[in-house]
Amino acid sequence: MQLLMFYLIGFFAVLSAVSMIVVRKPLNSALFLILNMICLAGLFALLNAHLIAVLQIIVYAGAIMVLVLFVIMVLNLREKDGDITVRKVAAQFVGIIVVSVVMVMVGASVDPSAISALGSASPEFGTVVGVGKTLFTDYILPFEIVSVLLLAAIIGAVILSKSKV
Amino acid sequence: MDITLIPGYQYMPELVEMMLKIVFIFTMNVGVFAPLLGYVERKQSALMQDRIGANRAAILGFTIFGLWHTMTDAIKLIAKEDFIPEGADKPLHFLAPFVAVVPALIAFAVIPFGGTYYLWGHEAHLIIADLDVGILFIFAVAGIGTYGAVIAAWASNNNWSLLGGVRTAAQMVSYEVAMGLTIVGVLMVYESLKLTEIALIQEDFFMWGIFLQPVGFLLFLACALAENKRVPFDIPEAESELIAGYFTEYSGLKFAMFWMAEFVEIVTISAILTVLFFGAWHIPFVTHDGLLSLLTSVVGADIGNLLLMFIHLAVFWGKVCFLIVFLMLIRWSLPRFRYDQIMKLGWKIILPLALVNILATGVILLVVK
Amino acid sequence: MAGGYYKIKRGESLTFWERLYLPEIFRGLSVTTRHFIPNWISTIIAYITRTPEKRKIMTIYYPEELPEIPDSYRGKPVLVRAGNGATKCVACGLCEVACPPKCISIVGGNRSDGTRYPETYTLDGSRCIFCGLCEEACPVEAIVMSHRYQDLCEHDRSKMIYSKEDLLVPEKDLQSRLDFIRRRAYGKCNY
């Protein structure tokens, strides 16, 4: 059952990811990206990581993609007929080759026995309590560093936007 | 035939219970509240403005305060032409109303509308899915619901719609952040994200969220109204500026679906407010066990449980109805904010106040414990 | 609801409480609630007990309930049928002259006793603007504005041209309006 769900969601995830690149209209590809994010959230949920799944939807599908759509709508980017040039075709060709090489290398370097040795995570692992405990005990220092970094980023953004006024 | 021979028969009660709950919530939202709220909105606004409101539709001379208008509205909307404007993105134009409606309905899955009851050896929980992440799931789904408006705006190929969509996107992003933070105070007090646990703690009248988190309640109410895109936060569909905003180019059943999405969202907001701040299905000063033992002594355990379930359902939906009337009152009393005022309110007032609320709650919790 | 008017004292700039915004919201909500709740209850009571007059809302359910027409209302202009069954009109033509859209046309004639009467008195209802100047001009109170305001429209304009017979209304039906005209006339003399 779980495997079936995995294949189903994975299929849609891959499908939406491919469509996102292939589709011409900017808004449509953004929507496919949202679908992809939701599928990823589903995959997280299958791995017992409920909190990550929901956060994935809230942060990426909910907030960031709304901003992307906002920009697309403000700039009013309609469908654009790009002219097909030799350079573009060559770039796509090279890109496909590079990606397939990387994938083959990754596939070859992963040891299947190592993955099975990890075992499955406990059901407690991905819950709010589990993530919270791990985050605020074992990883408290990285957490604080990241929050200071984010604070600096916020202040920087404010200063950058204020200097124009 | 022996029922035990059917494979998976031991799951049958759970399955039946689940189906019943889903059907119940679906009927409540789509069948009862969505058409009824259209009528309530018109009638209540009329009464508030010393008018009479919808009162014409009559069957055999009985108008029952114009309640038939719920039916006539539905018939009218179904019978109307479904118009797609020229140059519209047809698939997206078709998709948008569904994207708006479905999340609004899904959000109800994690809202408990009753406690736990033992009916003839079966344990019934009146919640569709008691998720560990609880309230976060509602926020996630509400965020997805925004796309209905945005897609509709884009697909209509209409400048008014597009402006409405842009405003929706900006407003949603601003208020989603504030909304998430306003709720943190409540979560800190109840120490759980699960709505069932939050509801169970509120069995004690003085543990109701409205007493423990009054500031959080006001801020959450403001954010919820903004998420719902209703007056005074209705700039995405401001009639006097943008015709009808993002659903300008919709008619017939698709328009009805946007309408329905709005009303289902009102019900959802009222239900969340009930669970978080107004003691969910609990009657003040009456405990679950106390009432249950009283009912059991009168009519027996099973019937007592059943009766208790119906009492709690009535209390819960009664509270929801009260809150809906309150939200409608706000909607017909306040004037619309200007765009910059909405942004200012969201970022400069509600967000800092929510942070202060979190800080104050944390300090008080530390002192108390 | 209640009659009379309020005087609102408001300074140039907002006070502290007004700037806080929330108290003002509650004040606004209390105003609407004060209208909503009594209207709600009284409407339900009026519906159940079938006594529309107990409703607090002043709006009228129009075709079922008709409004009370004040005496000063200017409805369809009609000719007064005197006690002897004939019109009071003496075909002096003053209303014809006074009428701004020129909708009245009279052909006068002499009775055997020498008094004048209108042989035809035609009033084009499609042109009448219900100004009441004919009523004011009339020296014998023969044409008055009635209180009739329903069923004045037709799909065909030719049906809206009223002859003398269409316009004649018994004097007793117009008594309140005639009294009003006299009151108004004497009221003018008092100035």
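Residues numbered from 1 in each chain as written. Chains lettered and ligands numbered in written order. Predicted model: local features only at pLDDT ≥ 70, side-chain atom pairs only at ≥ 80, totals over all residues. Heavy atoms only, no water.

Take the sheet that holds strand 2 (residues 104–110) of chain C next. All names here are of chain C. With antiparallel pairing, the 3 strands of this open sheet are ordered in space as 2-3-5. The sheet is open, and its two borders are formed by strand 2 and strand 5 (161–162), each paired with just one other strand. In the sheet, strand 2 pairs with strand 3 (residues 116–124) via 7 bridges, with the strands oriented antiparallel. By the bridge assignment, Gly108 is partnered in strand 3 with Pro118. (Pairing = 2+ DSSP bridges. Helix = DSSP H or I, 4+ residues; strand = E, 2+ residues; numbered from the N terminus.)

Residue and element names in this part refer to chain C. Looking at the element boundaries, Tyr117 is found in strand 3. Overall, Tyr117 belongs to the partly exposed group, its relative accessible area being 22%. Measuring from C-alpha to C-alpha, the distance between Tyr117 and Glu24 comes to 70 Å, with 93 residues separating the pair along the chain. With near-sequence residues (within four places) excluded, Tyr117 lies in contact with Cys89, Ala91, Val107, Gly108, Gly109, Asn110, Arg111 and Lys164. (Buried < 20%, exposed > 50% of the residue type's maximum accessible area, 1.4 Å probe, protein only. Contact = heavy atoms within 4.5 Å.)

Another aspect to go through is the interface of chain C and chain B. Each partner contributes to the interface: chain C provides 25 residues, whereas chain B provides 21 residues. For the chain C and chain B pair, buried surface summed over both sides reaches about 1,900 Å², with 71% attributable to carbon and sulfur atoms. Counting the surface chain C buries against chain B, the share from its top three residues, Leu29, Phe36 and Tyr47 of chain C, is 31%. Across the contact surface, chain C and chain B share 4 residue pairs in polar contact (both at pLDDT 80 or more). Tallied by class, the residues present in the side of chain C that touches chain B amount to 15 nonpolar, 7 polar and 3 charged. (Buried area = accessible area lost by both parts, 1.4 Å probe. Polar contact = N/O pair within 3.5 Å; in protein donor to acceptor, adjacent residues only side chain to side chain. Nonpolar A, V, L, I, M, F, W, Y, C, P; charged D, E, K, R; others polar.)

A word on the packing of aromatic side chains. Residues and elements named next belong to chain B. Summed over all chains, the structure comprises 22 aromatic pairs over all chains. Plain terms: the ring middles of Phe233 and Phe337 are 5.3 Å apart, the flat faces sit at 45° to each other, and that makes the pair tilted. Within this pair, whereas Phe233 is found in the loop between helix 8 (214–228) and helix 9 (239–242), its partner Phe337 is found in the loop between helix 12 (301–333) and helix 13 (339–368), the two being separated by 104 residues in sequence. Relative accessible area serves as the criterion here: at 3%, Phe233 is assigned to the buried category. Classification of Phe337 by relative accessible area gives buried; the value is 11%. Over the face of the ring belonging to Trp332 we find Arg331, whose NZ or CZ atom lies 4.2 Å from the ring centre. (Phe/Tyr/Trp six-rings, centres within 6.5 Å; stacked < 30°, edge-to-face > 60°. Lys NZ or Arg CZ within 6 Å of the ring centre and 35° of its normal.)

Residue and element names in this part refer to chain A. Across its 26 residues, helix 3 (residues 50–75) extends 36 Å between first and last C-alpha, which sits within 8% of the 38 Å expected from 1.5 Å per residue. Of all the bends in helix 3, the greatest measures close to 30° and is centred on Met65. In the stretch just after helix 3, Asn76 is the one whose phi turns positive, near 50°. (Expected span 1.5 Å × (residues − 1). Bend = angle between axes of the 7 residues up to and from the residue.)

This paragraph deals with the sheet that holds strand 4 (residues 143–145) of chain C. Residue and element names in this part refer to chain C. Taking strand neighbours across the sheet as the criterion, the 3 strands line up as 4-1-6 in an open arrangement whose pairing is mixed. The open sheet has two free edges, formed respectively by strand 4 and strand 6 (168–170), since each of these has just one partner strand. Taking each pair of neighbouring strands and ignoring which way they run, the sheet shows an average axis angle of 55°. Where strand 1 (residues 77–81) meets strand 4, 3 bridges bridge the pair, whose relative direction is antiparallel. From the neighbouring strand, Pro77 faces strand 4, where its bridge partner is Met145. (Axes fitted to C-alpha atoms, helices over the stretch in contact; angles between N-to-C directions.)

Taken as a whole and judged by the stated rule, the model has 13 salt bridges over all chains. With a closest N to O distance of 3.3 Å, Arg27 of chain C and Glu24 of chain C form a salt bridge. Of this pair, Arg27 of chain C and Glu24 of chain C both sit in helix 2 (residues 22–49), 3 residues apart, which is roughly one turn of that helix. Among the charged side chains, a network of salt bridges with common partners joins Glu41, Arg230, Glu262 and Arg331 of chain B. (Salt bridge = Lys/Arg side-chain N within 4 Å of Asp/Glu carboxyl O.)

With that settled, consider the domain arrangement of chain A. Residues and elements named next belong to chain A. Examined at the domain level, chain A breaks down into domain 1 (1–77) and domain 2 (120–165). In this assembly, 4 residues from domain 1 lie in contact with 6 residues from domain 2. The largest share of the area that domain 1 buries against domain 2 comes from Asn48, His50 and Leu51, three residues that together contribute 81% of it. For the pair domain 1 and domain 2, the interface holds 0 salt bridges. On inspection of domain 1 and its partner domain 2, the count reaches 0 residue pairs in polar contact (both at pLDDT 80 or more). Split into classes, the residues belonging to the side of domain 1 that touches domain 2 amount to 2 nonpolar, 2 polar and no charged. (Domains from an automatic or database assignment.)

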